[in-house]
Amino acid sequence: MAEPERDLEPVTAEAVLRELRLFELRCEGEEVPDKLVELCLSHGLGPVALANELLAFVTSKDLDLQLTPEGLDAFEHEVLAKRGSRGRRGRDERRGLLHDIHSLQELLDKEQEDELLDAYTTPSKGSQKRSNSTPETPRPKRAPASRSPYGLFSPHSFSPSVTPSQKYSSRGGRGEVVASFGSGQGPVWHGRGGCGVTIFGHPEQSLSKPYKSMFQKALDVREALAERVEELGEVLRRHHGLDGFSSAVLPAQEPVTVLGQIGCDGNGKLNTKSVLLVGDREHSGGAEVPLDLSELPEYSLFPGQVVALEGTNSTGRRMVVTKLYEGVPLPFHIPTEPMAEQRMVLVACGPFTPSDSITFEPLSDLLEVVARDRPDVCILFGPFLDAKHEQVELLSPFSDVFRLCLGTIIEGTRSAGSQLVLVPSLRDVSHDFVYPQPPFSFPDLPKQDKARVLLVPEPCVLDIDGVIFGLTSTDLLFHMGAEEISSSSGVSDRFTRILRHILTQRSFYPLYPPSEELNVDLEALAAFAALPVTPDVLVTPSELRFFVKDVLGCVCINPGRLTKGQAGGTYGRLLLRRERPGDRDGDRDGDRDGDRDGDRNGDRNGDRDGDRDEDSTGDRDGDRDGDKTGDFSGDSTGDKTGDRTGDSSGDTTRDNPAENPGDIPRDIPRDAPRSSPCVAAQVVRI
C-alpha cells in the first residue's frame, strides 16, 4: 500500500512562507500565515505541496500574487475541497461516518440504488433493515432530483433531501395579525422597494471585522466594568441633583447615597436575600455590601445594573435601602432632513427551518411576502443555519450551505428592490461565536446587489431615512428576565421593565455576569454594544411571546421567530413617517413653557387606555396561538406582583423618562410630548 504524500519538513508558518517566496507569493494581513498553516494541517499537505497548489490556483485564475484571506477561502473551496473528496468514503468509515456535502450525495445515490434493488427482491426472515418510518408516518416517495443537498436552495423548489415538515405545511392562520400598535385605520402595508440605510454613528464605533477574542485579562475586565459604573454614576448624579456619593462599607447612622453595581452573593439566581452592591472604585474601592430591600416599596433589579441607592449602614455590614434612583435614557436623534415619504420595514428572525426538517420552506414563504409587499427595508436576523437544530450536521460543510442560503435570500429579494440588512446570531453554526459579533463575510456578493445589501454586526444601530433602529438577535429578554427581581404596588409588566433597563442602562446587553449561552468579550462589549442614542425603534427577537410596546418613547417590537418548533412562527412589519423637524421643535418649546403638566396627565391617561386595549388584544391572540412559553420561569424567582398573567393587563402607566422635569439637564430627554416616527407596527403569522 502506498504511503500518503507528506513533506519531510514539519509544518510551520516560517516553512510555508519560505516556500511561497520561491514563487514570489506574498501575504496580505497578519492572519494569512496562520490560515496557511491551518490549511496544511486540515488537508494533510506539507509546505511544498501547499505552495505548488497555490501557484497553480493563482496562475490558472490569473490572480494577484498577493494572498488575502478571501483568496484563501476561495482556494480552499475550489481546490482543496475537491482534492479531498477523492477516497472520502473510505475515510468516512474511519471518522465515524461524518459526511460533508459531497460524500452525503454519494450516500444518497447509494441508498436510492438499494431501494430500487429491494423492490425486486423478497426479503428473508433473518434480514431486517432499520426503518426510518413508523406505521403512523410512512416513508414518502421522493423524486431523485430532490435528494441533493443543493436542492435546499433551488430557485424553483425548496425541497430538501428529507421529508418536509408536515406540521408546518398544514399550519393555519397564515397572514393573521396577532399584535398591533399605532394607527388602527387600516394602513396600506406596501413599500416602494428601497430607501437610504446606513450604520448610525462614526465608523470606528461600529464593529466591521473579526477580532481576537478569549484574550481578556482580569485587569482589563475590571477596568471596563469600573468605567461603565463611573460613566452612568455621573449621569445619575447630574440628573437627580445629588451632591455626591459616599462609601458603601463605612458605618453611617445618617442616610447616605452610594453608587455601585448590583450583584449576587452566590452562584444561583438573584433573590431578595442574596442582593449585594459592588461599590464604585472611587468611593468604595469595589467593596461589596449586602442590601436589605425590606424598606423599599418598589424596585426592579438585575445583576450588572448600575444604581444609585440611598439608605443607612449602621454597622458597615448591611445597608438598609430606602430609595432607588432610576437610570436615565439617552436623548433621541433629531435628523437634519425630513423623511421624504412613508417607509415600510419588514423584520424577521430565524431559525428559517422547522425543528423536524432541514427544509427552508419558511424562508421561501417569507421571500414570497417580500416579493408581494415590496418593503423598503427587509431586516433578517440569524440564525440562518441554527446550531441548535438536531439535523444541522447534515448540512456540512456549513460555509458552503451558508453561502447558498445567503445567495438565495439576495436573489429572492432582488425583484422587490428592498434594502436587505443581514444580522448574524450567536446560534449561526458557520459564524464567529463571540459577542459582540462581527458582520458576515460574503465575498461572492454580486456587484449588482452591493448597493442594496448591508452586512451588519450584532448588535448594531441603523439609520433608515433619519429613523434610528436598534437591532440585536441575542435573546436578551429571556436572559434578563430569568435574572431580574422586582416588587411593585400594582400589576407590573416584566417585558416593559426589562426594556426600560436596556434604555436606561444605555447598553444592548447590561447583564453581568452574562448568560452561560454567550461568549462575551467585555472590552468589545463596552466599545461596540453601547447605545449611542435612544433608538426610535428597538427590535429584540426572542423565544418569548411576541409584542409591540412603547417604552420611554421608543417603539419596542419582538417579532418572534419565523418558526416555532415544528410549526410556523411570526414576523414583524412597521410603517415609518416623520413630520418636519421644525414642527416638532416648535411643539416641544411650547409644551415646555406651560403645558408640561397638562400634557403629562393627558398622555398618561390616553396611553393607559390605548396600551390596555392594545396589549389585551395581543395577549388574546397570543393565548389563542397556544404559545406556552409564557413569561418564562424567571417570574417564580421573587416576582410577587402577579406577573404570571403577563401582558394581559397591559401597560397601565406611561413610562416617563424623568420624575423631576425641572432638574433635567439639556442632554437628557424631557417629559414632553413626542411624535414617534413609527406610526404603525404589526406582528403577523407566516
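First, a word on what this report is: a plain description of the structure on this page. Residue numbering note: each chain is counted from 1, following its sequence as written. In keeping with the predicted nature of the model, local features appear solely for residues at pLDDT of at least 70, side-chain atom pairs appear and are counted solely at 80 or more, and the whole-chain, interface and lining totals rest on all residues. To get the side-chain values, take all heavy atoms of the structure and skip hydrogens and water.

A word on the overall build of the protein
Per the convention used, a helix needs a DSSP run of H or I reaching at least four residues, while a strand needs a run of E reaching at least two, with both numbered from the N terminus. When you go through the protein residue by residue, the secondary structure sums to 15 helices and 24 strands. For the protein, the proportion of its 686 residues judged to be buried stands at 49%. Surface exposure here means Shrake-Rupley accessible area, sampled with a 1.4 Å probe, where a residue is shielded only by the protein chains that are shown. Carbon and sulfur atoms provide 49% of the accessible area of the protein, an area that totals close to 32,700 Å². Throughout this description, buried means an accessible area under 20% of the type-specific maximum (1.4 Å probe, protein chains only), exposed means over 50%, and partly exposed covers the range between.

Here we look at the side chain of Ser 542
Tracing the backbone through its elements, the reader meets Ser 542 in the loop between β18 (537-539) and β19 (547-551). Throughout, a contact is declared for two residues whenever any of their heavy atoms are within 4.5 Å. With residues up to four places along the chain from it excluded, the contact list for Ser 542 reads Asp 475, Leu 477, Phe 478, Asn 558, Gly 560 and Arg 561.

A word on the side chain of Arg 452
Along the chain, the position of Arg 452 falls in the loop between β13 (419-423) and β14 (453-455). Since its relative accessible area comes to 9%, Arg 452 is described here as buried. For Arg 452, the side chain forms a polar contact with the side chain of Thr 413, separated by 3.1 Å. Setting aside anything within four residues of it in sequence, one finds Arg 452 in contact with Ile 410, Thr 413, Arg 414, Ser 418, Gln 419 and Leu 420. The definition of a polar contact used here is a pair of N or O atoms within 3.5 Å, where within protein one atom must be able to donate a hydrogen and the other to accept one, and adjacent residues in sequence count solely through side-chain atom pairs.

As for the sheet that holds strand β10 (residues 319-325)
Two strands pair under a simple rule: DSSP has to find at least two bridges between them. Strand order in the closed barrel formed by five strands is β5-β6-β7-β10-β9, with mixed pairing between adjacent strands. The sheet shows a mean angle of 55° between the axes of neighbouring strands, taken without regard to direction. Looking at chain direction, strand β9 (residues 306-313) and β10 are connected through five bridges and run antiparallel. Residue pairing across strands places Leu 309 opposite Leu 324, the latter belonging to β10. Only the stretch in contact is used when fitting a helix axis, every axis being a line fitted to C-alpha atoms; angles between N-to-C directions are given from 0 to 180 degrees.

Considerations on the packing of aromatic side chains
Aromatic contacts are taken between Phe, Tyr and Trp rings whose centres are within 6.5 Å, Trp giving its six-membered ring; a plane angle under 30 degrees counts as stacked, one over 60 as edge-to-face, and the others as tilted. Summed over the entire model, instances satisfying the criterion amount to seven aromatic pairs. Both rings, one in Phe 352 and one in Phe 384, keep their centres 5.2 Å apart while their planes meet at 15°; by these two values the pair is stacked. Of this pair, Phe 352 sits in the loop between β11 (343-349) and α10 (361-373) while Phe 384 sits in the loop between β12 (377-381) and α11 (398-414); the two residues are 32 residues apart in sequence, bridging distant segments of the chain. When sorted by exposure, Phe 352 lands in the same class as Phe 384, which is buried. Ring geometry for Phe 384 against Phe 402: centres 6.4 Å apart, planes inclined by 70°, an arrangement best described as edge-to-face. You can see Phe 384 sitting in the loop between β12 and α11 and its partner Phe 402 sitting in helix α11, a full 18 residues away along the chain.

Examining the sheet that holds β18
Strand order in the open sheet formed by six strands is β4-β15-β16-β18-β20-β19, with mixed pairing between adjacent strands. Strand pairing shows two members of the sheet lacking a second neighbour, β4 (197-199) and β19, which therefore form its edges. For this sheet, the mean inter-axis angle between neighbouring strands, taken without regard to orientation, is 25°. Sheet topology places β4 next to strand β15 (residues 460-464); three bridges connect them, and they run antiparallel. Residue pairing across strands places Ile 199 opposite Leu 462, the latter belonging to β15.

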